[in-house]
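# Descriptive structure summary
For reference, the chains in residue letters:
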Amino acid sequence: MTDTIDGAALLNEVEAFHRRFNVFPREAAYVAVALWDAHAHLLDAFDSTPRLAFLSPEPGSGKSRALEVVETLVPRPMLAVNARAAALFRSVSDPAGRPTILFDEIDTVFGPKAGDNEELRGFLNAGHRRSGVTYRCIGDGGNQTVVEFPSYTAVAVGGLGGLPDTITTRSVIIRMRRRARNEKVEPFRARLHEAEGNALRDRLAQWADQVRDDVAGRWPEMPEGVTDRPADVWEPLLAVADAAGGAWPERARTACVELVNAARASDKGSLGIRLLTDLRDHVMTGIDRLPTVAILDRLCALDEAPWADMSGRPLDSRTLAKMLGEYMTSEDAPIKARNIKTAGTVLKGYYAADLHDAWQRYCPPPPSRAATSATSATPQVSEAETVAEELFPSAT
């Protein structure tokens, strides 16, 4: 009879193993990566599997080393560099068991010079869910049949820059940095340390067998504010932590909140969401309506914003109208410019009341300062006249 394995103690050892060779940017990252290693042994207990992404702005930041250490700890690791989608989804269908795919240099697949990789992107997206499949035609000529290939498998990636939004939102993101001079790690030597990692891997597999039924029946309580896609990402990891016990349930939830908030802070969202957010936080703060010409002037004056150089030219009224027209008012009508009466003339512009619903639905939480009146204002002609007069005295 196999002795019962202490899950909390085992996860402590897995975390300590990573700490020997990896310098992660924050303590929460060690917690998340250890939980991810363990979850890879329990995929059939979950409805989804988060991608683990080690990303950095520069080479030499420890991404490949992190994947090397993960490789020793997960079941059936499969290293992939420039692998094609066809090879990957066939490997997931291997009767010997699904692999854990470790995709280094992912920037060569999704970077700015990589071209289109929609097939691989579709595979990575579909494989996030247990129900995810990829359909392919198999056969020659007119004798082809449609075959369903399962795509569900654990995937960890490393690369420069970022990932497509559709993959980023399905991932635990670890923003790697080059080690500082005072940050020391033990050199990783495959001949020496692979066996140590594999021994931990084998114990993780044994522990997974012990807790599989328990984990499959768990619906872990999510920290406040973690909902929707982030909750899908973290649910398997929190279930593992709850099954392990000890300090891990609390540590996991602390790490969850920290990494989810960090991802939200660094996520610029789509260009449309960036536009809505800049309008709310920088352009229409305390103003209930503003002429289009004033909006464009303020947008293009923002530092570190894209509006002054949109493919070589500043944002114009036509593009602004097109972008905002994709979003709806609270009356379920497209956001459009409306007349704004000023002293002696009428200018086209936008009302905060029309933008309010889109701000609520799409923008990240506003800055910590008190909410501005722009998000809930009722149009008042006198204020609009004052703004127009101050910015454009010739219009009056």
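First things first, this report covers the structure right here in the doc.

Criteria and cut-off values
- Residues numbered from 1 in each chain as written.
- Predicted model: local features only at pLDDT ≥ 70, side-chain atom pairs only at ≥ 80, totals over all residues.
- Heavy atoms only, no water.
- Core = buried A, V, L, I, M, F, W, Y, C linked by side-chain atoms within 4.5 Å.
- Buried < 20%, exposed > 50% of the residue type's maximum accessible area, 1.4 Å probe, protein only.
- Helix = DSSP H or I, 4+ residues; strand = E, 2+ residues; numbered from the N terminus.
- Contact = heavy atoms within 4.5 Å.
- Pairing = 2+ DSSP bridges.
- Axes fitted to C-alpha atoms, helices over the stretch in contact; angles between N-to-C directions.
- 1 Å grid on protein atoms, 1.4 Å probe; cavity = no way out; pocket = protein on both sides within 12 Å on 5 of 7 lines; lining within 4 Å.
- Points joined across faces, edges and corners; volume = space filled by probe spheres on them.
- Nonpolar A, V, L, I, M, F, W, Y, C, P; charged D, E, K, R; others polar.
- Arc of directions from axis to C-beta.
- Salt bridge = Lys/Arg side-chain N within 4 Å of Asp/Glu carboxyl O.
- Phe/Tyr/Trp six-rings, centres within 6.5 Å; stacked < 30°, edge-to-face > 60°.
- Lys NZ or Arg CZ within 6 Å of the ring centre and 35° of its normal.
- Parallel < 35°, antiparallel > 145°, perpendicular 65-115°, else oblique.

As a further point, take the nonpolar core. Phe54, Ile174, Trp207 and Trp234 are the most contacted members of the largest nonpolar core, which has 62 residues in total. Those elements that place two or more of their residues in this core are α1 (7-21), α2 (27-39), β1 (51-56), α3 (63-71), β7 (171-175), α8 (190-216), α9 (228-244) and α10 (248-266). In contact with Trp234, other than residues within four places in its own chain, are Ala32, Val172, Met222, Ala252, Ala255, Cys256, Leu259 and Val260. Ranked by size, the runner-up nonpolar core spans 26 residues in total, among them Leu320, Met323, Tyr327 and Ile335.

A word on unusual backbone geometry. Despite not being glycine, Glu304 shows a phi value in the positive range, around 55°. You can see Glu304 is positioned in the loop between α12 (292-300) and α13 (317-324). We note that Asp332 has phi near 60°; this positive angle belongs to a residue other than glycine. Using a relative accessible area of 60% as the deciding quantity, one classes Asp332 as exposed.

A word on the sheet that holds β1. Spatially, the five strands line up as an open sheet ordered β2-β3-β6-β1-β7, and their pairing is parallel. Looking at which strands have only one partner, the edges of the open sheet turn out to be β2 (77-80) and β7. Here the average twist between neighbouring strands, direction ignored, is 15°. Strand direction decides the pairing type here: strand β3 (residues 100-103) and strand β6 (residues 155-160), joined by three bridges, are parallel. From the neighbouring strand, Phe103 faces β6, where its bridge partner is Val157. Sheet contacts for α2: β1, β3, β6 and β7; angle to β1, the most-contacted strand, approximately 140°.

Another point: the pairing of β6. Counting buried positions over the six residues of β6 gives five, a clear majority of the element. As paired strands, β1 and β6 are joined by five bridges and run parallel to one another. Residue pairing in the sheet places Leu52 in a bridge with Ala156 of β6.

The subject of this paragraph is empty space enclosed by the protein. Counted under the stated rule, the structure contains one cavity of 30 Å³ or more. One number sums up the size of the largest cavity: a volume of about 40 Å³. Looking at the largest cavity, the residues that line it are Val23, Phe24, Pro25, Met176, Arg177, Arg178, Arg179 and Glu183. Here the lining of the largest cavity is built from residues that sort into four nonpolar, no polar and four charged.

Here α13 has its buried residues at Leu320, Met323 and Leu324. Buried residues of α13 fall within an arc of 90° about the axis and therefore sit on the same side. Facing away from the buried side of α13 by over 90 degrees, the exposed positions are Arg318 and Lys322. Contacts made by the buried residues of α13 are with α11 (271-283), α12, β10 (345-351) and α14 (352-362).

Take the pattern of salt bridges next. Two side chains carrying opposite charge are able to pair once their charged atoms lie near each other. In this structure the tally under the stated criterion is 20 salt bridges. Close ionic contact of Asp316 with Arg313 constitutes a salt bridge, the shortest N to O distance being 3.9 Å. Exposure remark for Asp316: the relative accessible area of 24% places this residue in the partly exposed category. Residues participating in the shared-partner salt-bridge network are Glu15, Arg19, Glu27 and Arg251.

Each pair of aromatic rings is reported with the distance of its centres and the angle of its planes. Per the counting criterion, the structure on display carries five aromatic pairs. Centroid distance Phe24 to Tyr30: 4.8 Å. Interplanar angle 40°. Geometry classified as tilted. On the basis of relative accessible area, Phe24 is assigned to the buried category, the value being 5%. Ring-pair connections join several aromatic residues into one group, and the members of that group are Phe17, Phe21 and Phe188. Between Arg251 and the ring centre of Trp248, over which it is positioned, the NZ or CZ distance is 4.9 Å. Its guanidinium or amino end placed over the ring of Tyr351, Arg338 lies 3.9 Å from that ring's centre, counting from NZ or CZ.

A large share of β7 lies buried, amounting to four of its five residues. Examined bridge by bridge, β1 and β7 share five bridges and lie parallel to one another. Considered in β7, the bridge of Ala53 is made with Ile173.

In this section: the packing of α2 against α9. α9 packs onto α2 with a crossing angle of 90° between their chain directions and a minimal axis gap of 9 Å. What the angle tells us is that α2 and α9 run roughly perpendicular. Across the interface between the two elements, Ala32, Leu35, Trp36, Ala38 and His39 from α2 touch Trp234, Pro236, Leu237, Val240 and Ala241 from α9. When its residues are assigned to classes, the contact of α2 with α9 shows nine nonpolar, one polar and no charged.

Through backbone hydrogen bonds, the strands of a sheet pair up, either in parallel or in antiparallel fashion. The strand order across the open sheet built from three strands is β8-β10-β9, with neighbouring strands paired in antiparallel fashion. Of all strands in the sheet, those bounded by a partner on one side alone are β8 (289-291) and β9 (338-342). The sheet shows a mean angle of 55° between the axes of neighbouring strands, taken without regard to direction. Packed on one face of the sheet, α12 meets β8 and β10 and runs near 90° to β8. Sheet strands touched by α14: β9 and β10. Its angle to β10, the strand with the most contacts, is close to 15°.

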